[in-house]
Amino acid sequence: MSKPTSHSSPPGARERIVLTALKLFYQDGIRATGIDKIIAESGVAKMSFYRHFPSKNDLIAEFLRRRHEVWMQRFTEAVETKLAQGSGGLEIIADVLRHWFDDPDFRGCAFINTLAETPLPESQQHQIIRDHKASLESYITDLATRLGSPAPQTTASAAMIIIEGTIIRAHMGADPTVCDTCKDLLKRISRSQRKPNESSVKRNEPPLLPGL
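Read on for an overview of the structure. Small disclaimer: the values here were computed from a predicted structure and weren't measured.

## A few points about helix H8 (residues 152-172)
Here H8 is 21 residues long and its end C-alpha atoms lie 30 Å apart, about the 30 Å a rise of 1.5 Å per residue gives. Residues Thr155, Ala156, Ala159, Met160, Ile162, Ile163, Glu164, Thr166, Ile167 and Ala170 constitute the buried set of H8. Contacts made by the buried residues of H8 are with helix H5 (92-101), helix H6 (110-117), helix H7 (124-146) and helix H9 (178-192). Note on H8: the residue one or two positions beyond its end, glycine 173, has a positive phi of about 70°.

In structure tokens form, the structure reads like this:
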């Protein structure tokens, strides 16, 4: 018996605009991507574009919201998959990042990039960026809790600095060993937060960073 054929409706004008912005804003940058280019590539009329997005800033905000949803879903699913496989502790994040960096379309963190291109700290875009980073840190706090950290918030705060620095270094292309360093650092902050009788660190092992 042949399976019924499913027909999905083509995306409407608003969705085509958003999908085009997701690609172009990340690929080329906010400033380098003009409204006319988005209109041309999305195949919508200019009047239709402005009906859905009265200004470029409105589209940038929607781009950031959608990017947050897509990125967080992919990141958390990849981390949870590795966690379920028993692949290790907090350092599994480095393996997930490595896979992302290997994507030929990788252009760094869309939120850090946008932050550099939108200088007004009180803008709607900056609030969405702050919310994204807070959401990521909240997830890592939960992850550290599940991994047995007695100070998950402290662990997550340190992990965020390591993750952000790793993404920037990878975007720069300056350090081919950046993921290995990230993995080692995440292991060390995990160990530093364990109770003394749970730590596998030798007493005479020098810390990699002050306080770790």
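## What to know about the packing of aromatic side chains
Applying the stated criterion to the full structure yields 9 aromatic pairs. Centre to centre, the rings of tryptophan 71 and tryptophan 100 are 5.5 Å apart; their planes meet at 70°, and the pair counts as edge-to-face. Here tryptophan 71, found in helix H4 (residues 56-84), pairs with tryptophan 100, found in helix H5; they are 29 residues apart in sequence, far enough to count as distant. Summarising the aromatic geometry, the rings of tryptophan 100 and phenylalanine 106 are spaced 4.9 Å apart at their centres and angled 85° between planes, so their arrangement reads as edge-to-face. Across this residue pair, the class does not change: tryptophan 100 and phenylalanine 106 are buried. Members of the aromatic cluster, joined through ring pairs, are Trp71, Phe75, Trp100, Phe101, Phe106 and Tyr139. The lysine or arginine in question, arginine 67, covers the ring of tyrosine 26, its NZ or CZ lying 4.1 Å from the ring centre.

## Some thoughts on the nonpolar core
Side chains of a nonpolar character, in soluble globular proteins, are inclined to be buried together. Of all hydrophobic cores here, the largest spans 54 residues; its most connected members are Phe49, Phe75, Ile93, Leu97, Ile140 and Leu186. Of all the secondary-structure elements, those providing two or more residues to this core are helix H1 (13-28), helix H2 (35-42), H4, H5, H6, H7, H8 and H9. For this core, the element with the highest residue contribution is H4, accounting for 9 residues. Two domains each donate at least three residues to this core, and these are domain 1 (12-54) and domain 2 (56-191). If sequence neighbours within four positions are ignored, leucine 186 has contacts with Leu90, Glu91, Ile93, Ala94, Ala159 and Ile162.

## Some words on the pattern of salt bridges
Applying the stated rule across the entire model yields 13 salt bridges. One salt bridge connects aspartate 95 with lysine 183, and the closest N-O pair in it is separated by 3.1 Å. Taken as a pair, aspartate 95 in helix H5 and lysine 183 in helix H9 lie far apart in primary sequence, 88 residues in all. Residue aspartate 95 is classed as buried on the basis of its relative accessible area, which comes to 18%. By relative accessible area, which is 25% here, lysine 183 ends up partly exposed. Between arginine 169 and aspartate 175 there is a salt bridge whose closest N-O contact spans 3.9 Å. In this structure arginine 169 comes out as partly exposed when scored by relative accessible area, which is 34%. For aspartate 175, a relative accessible area of 21% corresponds to the partly exposed category. Among the charged side chains, a salt-bridge network with shared partners connects Arg14, Glu62 and Arg65.

## Considering the layout of surface pockets
Here the largest pocket defines a volume of roughly 620 Å³. Looking at the largest pocket, it is lined by 18 residues, and the ones nearest its centre are Tyr26, Arg67, Arg74, Trp100 and Asp103. Looking at the lining of the largest pocket, the elements that each hand over two or more residues are H1, H4 and H5. Among the elements that take part in the lining of the largest pocket, H4 stands out by supplying 6 residues, more than any other.

## Remarks on the side chain of threonine 33
Inspection of the secondary structure assignment puts threonine 33 in the loop between H1 and H2. Assessed through its relative accessible area of 0%, threonine 33 is described here as buried. A polar contact is formed between the side chain of threonine 33 and the backbone oxygen of leucine 24, at a distance of 3.3 Å.

Scoring rules and cut-offs
Residues numbered from 1 in each chain as written. Predicted model: local features only at pLDDT ≥ 70, side-chain atom pairs only at ≥ 80, totals over all residues. Heavy atoms only, no water. Helix = DSSP H or I, 4+ residues; strand = E, 2+ residues; numbered from the N terminus. Expected span 1.5 Å × (residues − 1). Buried < 20%, exposed > 50% of the residue type's maximum accessible area, 1.4 Å probe, protein only. Contact = heavy atoms within 4.5 Å. Phe/Tyr/Trp six-rings, centres within 6.5 Å; stacked < 30°, edge-to-face > 60°. Lys NZ or Arg CZ within 6 Å of the ring centre and 35° of its normal. Core = buried A, V, L, I, M, F, W, Y, C linked by side-chain atoms within 4.5 Å. Domains from an automatic or database assignment. Salt bridge = Lys/Arg side-chain N within 4 Å of Asp/Glu carboxyl O. 1 Å grid on protein atoms, 1.4 Å probe; cavity = no way out; pocket = protein on both sides within 12 Å on 5 of 7 lines; lining within 4 Å. Points joined across faces, edges and corners; volume = space filled by probe spheres on them. Polar contact = N/O pair within 3.5 Å; in protein donor to acceptor, adjacent residues only side chain to side chain.

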